[in-house]
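# Examination of the molecular architecture
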Amino acid sequence: MSSWPRYRAVGRDGESRRALLAQQRRRREAAGVSAKAWGLLQDATVGYGYRPWLAGLWLLGLLAAGSVYFASHHPAPLGTGNPHFNAVAYTLDLWCR
């Protein structure tokens, strides 16, 4: 029997998540090439769902990268009388479309 149900039963959710993450990593090692690649991507981005805070870090990193890029590469204005360009707001606006 796996150890994660015992951890969860006594209220140790952190240890339970770590045990489940290790279980997913062991499954990935036995998988085929495409499943292994997908598993590596999931592990790096969100830890198979057991580390969702990683997704927030990715979003912050992409927001920072987009803001830096658009701060140095302003898009062409659509007309005259446009408000001041804000690279952070522009990056967020691109995500919401």
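Cut-off values and rules
Numbering of residues begins from 1 in every chain and follows the order in which that chain's sequence is written. In keeping with the predicted nature of the model, local features appear solely for residues at pLDDT of at least 70, side-chain atom pairs appear and are counted solely at 80 or more, and the whole-chain, interface and lining totals rest on all residues. The side-chain quantities take in all heavy atoms of the structure and omit both hydrogens and water. Only protein atoms enter the 1 Å grid, on which a cavity is a set of points fitting a 1.4 Å probe that cannot get out and a pocket is an open set with protein on both sides within 12 Å along at least 5 of 7 lines, lining residues being those with an atom within 4 Å of a point. Grid points are joined across faces, edges and corners, and a volume is the space filled by probe spheres set on the points. When residues are grouped by polarity, Ala, Val, Leu, Ile, Met, Phe, Trp, Tyr, Cys and Pro land in nonpolar, Asp, Glu, Lys and Arg in charged, and all others, Gly among them, in polar. Secondary structure counts use DSSP, requiring at least four H or I residues in a row for a helix and at least two E residues in a row for a strand, with both numbered from the N terminus. By this rule the span expected of a helix is its residue count minus one, scaled by 1.5 Å. Each Phe, Tyr or Trp ring, with Trp reduced to its six-membered ring, pairs with another whose centre is within 6.5 Å; inter-plane angles below 30 degrees give stacked pairs, above 60 give edge-to-face pairs, and intermediate values give tilted ones. The angle between two axes is taken between their N-to-C directions and runs from 0 to 180 degrees, where each axis is a line fitted to C-alpha atoms and a helix contributes only its stretch in contact. For classification purposes, angles smaller than 35 degrees are called roughly parallel, those larger than 145 roughly antiparallel, those between 65 and 115 roughly perpendicular, and all remaining angles oblique. For a crossing to be left-handed, the near helix must be turned anticlockwise from the far one by less than a right angle; the clockwise case is right-handed. In what follows, residue pairs with any heavy atoms lying within 4.5 Å of each other are defined as contacts. Relative accessibility under 20% of the residue-type maximum defines a buried residue, over 50% an exposed one, and the middle range a partly exposed one, all with a 1.4 Å probe and only protein chains included. Here a polar contact is taken to be a pair of N or O atoms separated by no more than 3.5 Å, where protein atoms must pair a possible hydrogen donor with a possible acceptor and residues adjacent in sequence count only if both atoms sit in side chains.

The space that makes up the largest pocket amounts to roughly 310 Å³. Around the largest pocket sit Pro75, Ala76, Pro77, Leu78, Asn82, Pro83, His84, Phe85, Asn86, Ala89 and Tyr90, which together line it. Counted by class, the lining of the largest pocket contains eight nonpolar, three polar and no charged residues.

Here the focus is helix H3 (residues 33–46). Taking 1.5 Å of rise per residue, 14 residues should cover 20 Å, and H3 covers 20 Å from first to last C-alpha, within 8% of that figure. Of the residues flanking the end of H3, it is Gly47, one or two places downstream, whose phi is positive at about 60°.

Moving on: the packing of aromatic side chains. For the structure shown, the criterion picks out three aromatic pairs. Aromatic side chains Phe85 and Tyr90 sit 5.4 Å apart centroid to centroid with 55° between the ring planes, which places their arrangement in the tilted category. Ring pairs connect the aromatic residues Tyr69, Phe70, Phe85 and Tyr90, which therefore count as one cluster.

Where helix H2 (residues 13–29) meets H3, the axes come as close as 9 Å, and the angle between the chain directions of the two elements is 155°. Here H2 is positioned roughly antiparallel relative to H3, judged by the angle of their axes. Relative to H3, H2 is oriented so that their crossing is left-handed. Of the residues in H3, those in contact with Leu21, Arg25, Arg28 and Glu29 of H2 are Lys36, Gly39, Leu40 and Asp43. Of the residues belonging to the contact of H2 with H3, the class tally is two nonpolar, one polar and five charged.

Under the 1.5 Å per step criterion, the end-to-end length of helix H4 (residues 53–72) is 29 Å for 20 residues, consistent within 8% with the ideal 28 Å. Inspection of H4 places Leu54, Leu63, Gly66, Ser67 and Phe70 among the buried residues, and these make up the whole buried set. Packed against the buried residues of H4 are H3 and helix H5 (87–95).

For the rest of this paragraph, the subject is the environment of Pro75. When you line up the elements, Pro75 lands in the loop between H4 and H5. The partly exposed category is assigned to Pro75, whose relative accessible area is 30%. Once the C-alpha coordinates of Pro75 and Tyr90 are considered, the two residues, 15 residues apart in sequence, prove to be 9.7 Å apart. Beyond its immediate stretch of four places on either side in the chain, Pro75 contacts Phe85 and Tyr90.

Looking now at the side chain of Ser67. Inspection of the secondary structure puts Ser67 in helix H4. On the accessibility criterion, Ser67 (11% relative accessible area) is buried. Reaching out from Ser67, the side chain makes a polar contact with the backbone oxygen of Leu63 at a distance of 2.7 Å. In contact with Ser67, not counting residues within four places along its chain, are Ala87, Val88 and Thr91.

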